[in-house]
Structures are given as structure tokens and as C-alpha cells.
Amino acid sequence: MLGLDISSSSVKLVELGRDQAGNLVLERCAIEPLERGWISDGNVEKFDEVAEAMRRVVKKSGTRTRQVAMALPPSAVITKKIILPGGLTEQELEIQVESEANQYIPFSLDEVSLDFCVVGPSPTSAGDVEVLIAASRKEKVQDRQGLAEAAGLKPVIIDVESYASRLAAGRLIEGLPNNGVDTMVALFEVGAFTTSMQVIRNDEVLYDRDQAFGGAQLTQLIVRQYGFSPEEAESKKRNGDLPEDYESGVLRPFVESMAQEIGRALQFFFTSTPHNKVDYVLLAGGSAALPGLTEAVTQQTSFACSLADPFAGMQIGPSVREKKMRREAPSYLTSCGLAMRRFLQ
């Protein structure tokens, strides 16, 4: 199964396998840019163009796999944990979930796609179980399904982007001292227009919020400074083909202001919760790998900061261009989490 992540600026594809010892292998990965406005706030505005980009990314990757896991942005999904009696059959659970869901979902149940999973025993009441329900408007799910089908793919899983990125980050957290147990990690995914933050401890999200800053602001600064068109600026930014004063005049001030935004987001977390520190900051997303950003964040916040490389510790398959993949690895966090769903069925 492929993991396919559609963001506002690109489509990213990951395919994972396992070797004989059961270790994860990165079989394929590819990225295809999308033009601004094709996807807006998670909504598909230009269906044919996005489907075509998906066909290109599949072709570029060289995969033959057609089953795909995709995701919706958290803003399109309502999630709620509820407590139900233990020992119910799957069918009884379904009936209970539907009647409970009515209270939390502001649409008629005919208009939503609904799913649930049993998380485990209830932490508060003995004999009961904690159940996670997730619901989204049917049209949002159908948009994603339609895109997959138009690109010649078969959608088998629709996940939530933040859950997928957490799954991939979980592997990295396990690699921390003491296997990451009781470690508080602030995960920032720096997108083109939005940066999302999740604070995670022992697989549980203590806090999450989105902020309106991202890598597209750097492109705008390049346009303003040098008079390139937005497309030119974006491609020159990716290829590192910019004038000599770019680093001191544009990049460094931008990196500083991004580190300040991350520091500010952490302050919001501290003022609205009982916590006053995190153990690690992980940066993912297309702009996470900007030169000097992890150092600037450590300086700004005094917390250890590193790039989230979802492929760390994996075998690399022969069809992956390793140098290119290493450069873009932090962009693939969500698509890698989606590809990992293959082994969680």
C-alpha cells in the first residue's frame, strides 16, 4: 500500500516494505509540486490538476502498487473519545457509537463518514473501554477517494493527517533515550502556509494548534527582494540558485523569525497547560530543513531541536535516489505515517 499525502504545496508518495528480518525498507518516495490555490484549507479546488499531479508522482516513483492510504486535514474531521461498556460485540459497539455520535456531530449521520476504534481499557472506570470516534463530511472523503480513482489508484484507508504524522514520529520518539517513555516532544510541521504543532507524551497528544506561518512567506520575501515571479522564486529556492546576498539578507532573518514563531507557540502551550518545558522539539515539513533553523530554535527556546527524518534507521531500497531523499526527508513525515498503515491492518 502507498502512503499519499496531499498538502497545499505538493503531493508526496511513500512506499514501505519489510526485509526478511522484519525491518522497514523505504522502497520508493517521490514528491510533485502543486500550484498555489489548487488545494486551499484542505479543500480540493482544482480536481483535474491535482489528479494529474498524483498520476505524475506515481509515475515518477516507478511503483506498481495501486492501493493507497490518504488523509484529511484535522480541520475536516471531528474526533471524540467516549467510554462504552466492555465486552460488547462489534455490532453492538457500532450501534452504541452511532447513538453517541449524534451528540457530537453537528450534521445528520447520513451526511457523514463515521469510523471508530477501541483504544483500550477506560482509564477512569473499570470494565469499560475507551473508544475513539472519527467523523467527516461524506463529500470531503469522496473528494479524496475521487482523486485516487482519477489517478488510477484504489483508496483503502482515509486517515487524519495529524494521526499519520504522529505514527511516523512515534518511531523516532522510540529512538530517544529510555525509548522515549514519559518524554515530552513538541512536533512542529512547517507547511507552506500553516505550521501545526502537537505536543506528544507516551503516544498521547497533550496539546495541538495550528499557526498561520510557513515556507511560502520565504518565497514571497524572495519575490519582493529580487523581482522574480512566484514560480521562479519557488524553483530557485528549491535549487539553491539565488543571489549572493540571499543568505544574509533574506534567509537568515526569515529563519530567525520562524524560530521566534516556534518559541511563541511553545509559550502558548506553557501558559494554557500545567507544563513549563518540553524535552525535545522535532521539526518536519518542507521548510524544516532550512539551513540554521534547528540551531535557531534551540537558541530561541533552549530545548534540544532536531529534524524529523521519518526514514531514519530504515533500509533504503535500490530505486530511491538517496541524496535527494535525504534533502527532502522531513517533508515526508505524514506520507510515511500513511505508508506505515500497511503493517497495522
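Everything numeric in this text was worked out from a predicted model, so none of it was measured. Numbers given to residues run from 1 along each chain, matching the order in which its sequence is written. Only residues with pLDDT of 70 or above have their local features reported here, since the model is predicted, and side-chain atom pairs are shown and tallied only from 80 upward, although totals for entire chains, interfaces and linings are computed over all residues. Only heavy atoms go into the side-chain values, all of them from the structure, while hydrogens and water stay out.

Draft legend 1. Structural view of the packing of helix H1 (residues 47–61) against helix H3 (residues 138–150). Contact pair H1 / H3: the axes reach a minimum separation of 8 Å and the direction vectors enclose 50 degrees. One way to sum up the angle between H1 and H3 is to call them oblique. In the packing of H1 onto H3, the handedness of the crossing is right-handed. Contacts between H1 and H3 involve Phe47, Val50, Ala51, Met54 and Arg55 on the former and, on the latter, Asp143, Gly146, Leu147, Ala148 and Ala150. Comment: axis = line fitted to C-alpha atoms, over the contacting stretch for helices; angle = value between 0 and 180 degrees taken between N-to-C directions. Here a strand is any run of E in DSSP of at least two residues, a helix any run of H or I of at least four, and the numbering for each starts at the N terminus. Each angle receives one of four descriptions, namely roughly parallel if under 35 degrees, roughly antiparallel if over 145, roughly perpendicular if within 65 to 115, and oblique otherwise. By definition, any crossing whose near helix is turned counterclockwise from its far helix by less than a right angle is left-handed, and any crossing with a clockwise turn is right-handed. A contact between two residues is defined here by any heavy atoms of the two lying within 4.5 Å.

Draft legend 2. Quick look at the layout of surface pockets. For the second largest pocket, the calculated volume is near 240 Å³. A cavity here means a set of 1 Å grid points, computed over protein atoms only, where a 1.4 Å probe fits but cannot escape. A pocket is an open set with protein on both sides within 12 Å along at least 5 of 7 lines, and lining residues have an atom within 4 Å of a point. Lining the second largest pocket are 13 residues, with Cys29, Ala30, Lys60, Arg321 and Lys324 positioned closest to its centre. Elements with a minimum of two residues in the lining of the second largest pocket: strand E3 (24–33), H1 and helix H9 (322–328). By residue number, the principal contributor to the lining of the second largest pocket is E3, which donates 4 residues. Here the lining of the second largest pocket is composed, by residue class, of 6 nonpolar, 2 polar and 5 charged. Grid points are joined across faces, edges and corners, and a volume is the space filled by probe spheres set on the points. Residue polarity is assigned by list, with Asp, Glu, Lys and Arg as charged and Ala, Val, Leu, Ile, Met, Phe, Trp, Tyr, Cys and Pro as nonpolar; anything else, Gly included, falls into the polar class.

Draft legend 3. Highlighting the confidence of the model for the chain. Confidence scores here are pLDDT values: one per residue, from the predictor, ranging 0 to 100. Across the chain, the average pLDDT comes to 94, with 100% of residues at 70 or higher. At the low end of the mean pLDDT range in the chain sits helix H6 (residues 230–239), at 85; at the high end sits helix H10 (residues 333–340), at 98.

Draft legend 4. Seen up close, the sheet that holds strand E13 (residues 204–211). Pairing in this open sheet of 5 strands is mixed, and the strands run E13-E12-E11-E14-E15 from one edge to the other. Of all the strands in the sheet, just E13 and strand E15 (304–307) have a single pairing partner and so form its edges. Across the sheet, the axes of successive neighbouring strands diverge by a mean angle of 20 degrees, strand direction being ignored. Where strand E14 (residues 280–284) meets E15, 4 bridges bridge the pair, whose relative direction is parallel. What sits directly across from tyrosine 280, in E15, is alanine 304. The strands that helix H7 (residues 246–272) touches are strand E11 (185–190), strand E12 (195–201), E13 and E14; relative to E13, the one it contacts most, it runs at about 130 degrees. The rule for pairing is simple: two strands pair if DSSP sees at least two bridges between them.

Draft legend 5. Inspection of the environment of aspartate 110 at higher detail. Of note, aspartate 110 is situated in the loop between helix H2 (90–104) and strand E8 (112–121). C-alpha separation for the pair aspartate 110 and alanine 186, spaced 76 residues apart in sequence, amounts to 37 Å.

Draft legend 6. Spotlight on the packing of aromatic side chains. Each aromatic pair joins two rings of Phe, Tyr and Trp (for Trp, the six-membered one) with centres within 6.5 Å, and gets the label stacked for planes under 30 degrees apart, edge-to-face for over 60, and tilted for any other angle. Scanning all chains against the criterion turns up 5 aromatic pairs. Residues tyrosine 226 and phenylalanine 228 carry aromatic rings whose centres are separated by 5.9 Å and whose planes lie at 35 degrees to one another, so their mutual orientation is tilted. The exposure class of phenylalanine 228 is buried, given its relative accessible area of 18%. Both rings, one in phenylalanine 269 and one in phenylalanine 270, keep their centres 5.4 Å apart while their planes meet at 45 degrees; by these two values the pair is tilted. Taken as a pair, phenylalanine 269 and phenylalanine 270 share a single burial class, namely buried. Members of the aromatic cluster, joined through ring pairs, are Tyr207, Phe269, Phe270 and Phe303. Here, a charge over a ring is recorded when the distance from Lys NZ or Arg CZ to the ring centre is within 6 Å and its angle to the ring normal is within 35 degrees. Above the plane of the ring of phenylalanine 343 lies arginine 18, whose end atom (NZ or CZ) is 4.3 Å from the centre. Type-normalised accessible area, obtained with a 1.4 Å probe on protein chains alone, sets the label of each residue: buried when under 20%, exposed when over 50%, and partly exposed for intermediate values.

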